[in-house]
Each structure stands twice: as structure tokens, then as C-alpha cells.
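Secondary and tertiary structure notes
Letter by letter, the chains look like this.
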Amino acid sequence: MKAFGFLSFGHYGSGRGPGDPDARQSFKDAIEIAEGADELGVNGAYFRVHHYARQSASPMPLLSAIAARTRRIEVGTGVIDMRYENPLYFAEEAAQLDLIADGRVALGVSRGSPEPALRGWESFGYTGSEDPRGADIAREHFEKFMRAIKGEPMTYADPAQYGAGAKLAIEPQSPGLAERIWWGAGSAKTAEWAGEQGVNLMSSTLLTEANEGSFAEQQAEQLRRYREAFRAADHTRTPRTSVSRSVFPIVGPEDEIFSYMGARESRDQVGVIDGFTSVFGRTYAGSPDTLVEQLKQDQAVMESDTLTLTIPSQLGPELNLRILENFAKYVAPELGWQPNTEGPVTGYEIS
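A brief report on the enclosed structure follows. (Residues numbered from 1 in each chain as written. Predicted model: local features only at pLDDT ≥ 70, side-chain atom pairs only at ≥ 80, totals over all residues. Heavy atoms only, no water.)

**Overview of the side chain of H51**
So the rule is basically this: A run of H or I in DSSP becomes a helix once it reaches four residues, and a run of E becomes a strand once it reaches two; helices and strands are each numbered from the N terminus. Contacts between residues were defined by any pair of non-hydrogen atoms, one from each residue, lying within 4.5 Å.
The residue H51 is located in the loop between β2 (44-47) and α2 (60-69) in this model. Aside from chain neighbours lying at most four places away, what touches H51 is A57, S58, Y84, E115, P116 and F124.

Okay, here's the thing in C-alpha cells:
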């Protein structure tokens, strides 16, 4: 592990009091948490994206606000559901965001997780999927999006203005943006596909396969298979990888609120999501010394360059910034952390 960030699910409610922010307060809290995290040296601010739900949806306005009010922290998503995206409009937005952020973007995309709406992407105008989960539409949109941000011509120009046969790429273009795109993978097969595509890997908060071994062991195997596929495809750059965990350092009495989480979810959890038997990672909660020892034994955490901490964003900036500060002060330095003051995060070389 070289870096850590936070992953916010962006939940909001009706604004009835502490722990129940309305949408407006949730977005303002997100900006405040990101600003505070930037000053703490945290490396990344990432946001979950869902549709037809009371949490973060189209993320670009929020990410742009954060990018404009921070200096070093990476801004991104985990993940954008490509089933719902117009790939060319998304390419324009992503390039503008990356330019505003001076290249600090880390956009995680994928097929997306189960949504409240039944085939909700169809209500956005994207029909014709032959897959009940819409994976074919997601990958089709992804392929077009990647071509667009790499500057490939996407349409013919008006011959009255450009002459016959001229083509146009989307504008603006942000150099290097394609190397800052991540694919969210919930299985080893999907991780291998991401490696073949040459994008970064954002390993999911759950694995849609229940194999032998702990969640961390299965996820570490996913990372290894991704790197093998990346190398076999002859990509020349060094990719990035990330995993997420719920980690709550208990430093003082005010942190005891988290102790019950560690007791309740101290083991991997198994459930059925979207028809797949899925494994969820355990929650870590305890003293800094205990967390350091436990996380050093977590193979996936130590083999990935970036760890994202899932935070209870609805509980407000003060509590969430205390989680991040405690981790930055007492845990992360023992795991190899390099604060954002040391420059952009780089991946581990693939040997």
C-alpha cells in the first residue's frame, strides 16, 4: 500500500437531524470532507454512483466542485454505471473535469451494481440489451468512451465547413486521461478483462464469486490475475490498483461508536446479490496497533497501491475527518503510506 483515500456512498435522507442529511447537505458535507482530507494528505476522494436512489447520482458537478476547491487530492468515482451513460457526452465531461483538476482524476467505471430500478438504463434511452443485467450495453458504451477520450474521430464533419471526408474528435481533450480510467471488477474473470483492456483495476467492495479462502485472499488472487493479463497484453505503462475496506481506528472515547461495528462485522459476510453468491469483506475496528497488524496480514491491501476507506458520510464532516485523521496519523504510516504532498500516486511495477 502506497496511498489511501475515502469512498463515500453519498447516502442522504430527509434532513430530520444528525445522521439524516438531505441531498443539499450531503453534497456540501462531501465537499467539506474532501477539503479536509486534502489538507490531511489523503490521496483520494471517491464517490459511489447510483440512480433512482437517495445517494450520489451523476457525479460530475460534485467532482468539479471538489477539484476546484482542493489542490492535491485525487478526485474520482467507485463506480460510474456505464449502462446509464452517453459515452460521448461522458467523454466531454470527463475531459473537462480532468482539466479543472490538473490531471487529478481517477474515474472508476463498470457495468455497475444492482439498481433499484428494473432495467433502469432503458428509461435513460439505452435499449436493446440482450443481457438481463445490461453488461453488453455497459461494455459497448465503455469502448466508445475510451476511443473518444483517446482523441479518435467520432463523427464526420460538415463538408461545407471542412471539406469532404473530414472527421471530428470530441472536445476538449485532456492528455493522459485514458491512463486514469479504472474498471470496477467483482470477479477474477472481469479483472482479467480489465487487464487486457489496459485500464486500472478498482476491485469491488464485494466479490461475485464464493471460492475457497478469505475475501482478502480471493481479492489478492484477483489482483494477480489482473496483472498477469495486463502483462500478457503487452501494455507498457505501470497500472494502478485499488481495494476498499471499512477501517475505524479507535484512539479515544469519542471513537467508541465504531467498536460495535468491528464486533458485528468482524468476519467476511456472504450473501446473494444480483443472482450471484457474493462475499463482502470484514470490517476492521480497533486500536491503531491492532489495525496495523491486521491490515499487514490482509494480502490484497498490501499488494494494491491504493486503499480506499468506506466512510459513513451521512454522519457528517467532523466524525468522518476524525476517522481519516486517525488513520493518517496512527495506521497508514506503518503500512507504507506516501501522503499527497509527495506527489501523484504510482502503481507497483509488474515484473
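Moving on from the model shown.
**Let's talk about the pairing of strand β14 (residues 306-311)**
Here is the rule we go by: The buried label applies to any residue whose accessible area, calculated with a 1.4 Å probe on protein chains only, is under 20% of its type's maximum; exposed applies above 50%, and partly exposed to all values in between. When DSSP finds at least two bridges between two strands, those strands are taken to pair.
By the criterion of burial, β14 is predominantly enclosed, with 6 of the 6 residues buried. Of the two faces of β14, the one carrying T306, T308 and T310 and the one carrying L307, L309 and I311 are both buried. One ladder, built from 4 bridges, connects strand β10 (residues 241-249) with β14; its direction is parallel. Within β14, the residue paired with R245 across the bridge is L309.

**Description of the nonpolar core**
Our working definition: Take the buried residues of types Ala, Val, Leu, Ile, Met, Phe, Trp, Tyr and Cys, join any two whose side-chain atoms come within 4.5 Å, and each joined set is a nonpolar core.
By size, the foremost hydrophobic cluster in this structure holds 71 residues, and its most contacted members are F4, L107, L324 and F327. Broken down by element, the residue count for this core peaks at 6 residues, all from helix α4 (residues 135-149). The contacts of L107, once residues within four sequence positions are left out, are M60, L63, G76, T77, I80, F90, A94, L97, R180, I181 and W182. Counting 6 residues, the second-largest nonpolar core is a separate cluster that includes L7, Y46, A106 and W182.

**Description of the packing of aromatic side chains**
Rule in force here: Each Phe, Tyr or Trp ring, with Trp reduced to its six-membered ring, pairs with another whose centre is within 6.5 Å; inter-plane angles below 30 degrees give stacked pairs, above 60 give edge-to-face pairs, and intermediate values give tilted ones.
Taken as a whole, this structure holds 12 aromatic pairs when the rule is applied. Considering the side-chain rings of F4 and F327, the 4.8 Å spacing of their centres and the 70° angle between planes classify their relative orientation as edge-to-face. Residue F4 is found in strand β1 (residues 3-8), and its partner F327 is found in helix α11 (residues 317-330); the two are separated by 323 residues along the sequence. You'll find F4 and F327 in the same group, each marked buried.

**Describing α11**
Going by this rule: Take the residue count of a helix, subtract one, and multiply by 1.5 Å to get its expected span.
Taking 1.5 Å per residue, 14 residues should reach 20 Å; α11 reaches 20 Å between its end C-alpha atoms and fits that length. With 10 of its 14 residues buried, α11 lies for the most part within the structure. Those residues of α11 not exposed but buried are P317, L319, N320, L321, R322, I323, L324, N326, F327 and A328. Considering only its buried residues, α11 is in contact with β1, α1 (23-40), β10, α9 (288-296) and β14.

**What to know about the pattern of salt bridges**
Side chains bearing opposite charge may pair, as long as their charged atoms lie close to each other. The cut-off we apply is this: In the sections that follow, a salt bridge refers to a side-chain nitrogen of Lys or Arg positioned within 4 Å of a carboxyl oxygen of Asp or Glu.
One pass over the full model with this rule turns up 16 salt bridges. Between E39 and R71 there is a salt bridge; the shortest N-O distance is 3.2 Å. Taken together, the residues span a long stretch of sequence, with E39 in helix α1 and R71 in the loop between α2 and β3 (74-81) at a distance of 32 residues. Just as E39 is exposed, R71 falls in that class too. The residue R83 makes a salt bridge to D81 at a minimum N-O spacing of 2.7 Å. Accessibility assignment for this pair places R83 and D81 in one class, buried. The structure contains a network of salt bridges with shared partners spanning E74, R240 and D305.

**Some details on unusual backbone geometry**
Cis geometry marks the peptide bond from G78 to V79; its omega dihedral reads 10°. For V79, the location among the structural elements is in strand β3. Residues E171 and P172 are joined by a peptide bond in cis, for which omega reads 0°. Note that P172 resides in the loop between β6 (167-168) and β7 (181-185). A positive phi angle, near 60°, is found at Y52, a position not held by glycine. Within the element layout of this structure, Y52 appears in the loop between β2 and α2. Positioned with a positive phi, R119 is a non-glycine residue whose angle comes to about 50°. Position of R119 among the secondary structure elements: in the loop between β4 (105-110) and α4.

**Topic: the layout of surface pockets**
Selection rule: A cavity here means a set of points on a 1 Å grid, drawn over the protein atoms and nothing else, where a 1.4 Å probe fits but cannot get out; a pocket is an open set with protein on both sides within 12 Å along at least five of seven lines, and a residue lines either one if it has an atom within 4 Å of a point. Grid points are joined across faces, edges and corners, and a volume is the space filled by probe spheres set on the points. Any residue that is not Ala, Val, Leu, Ile, Met, Phe, Trp, Tyr, Cys, Pro, Asp, Glu, Lys or Arg is counted as polar, Gly included; the first ten are nonpolar and the last four charged.
What the second largest pocket holds in volume is close to 430 Å³. Lining of the second largest pocket is provided by 24 residues; of these, E74, R180, R240, P344 and V345 occupy positions nearest its centre. Residue classes in the lining of the second largest pocket are distributed as 6 nonpolar, 9 polar and 9 charged.

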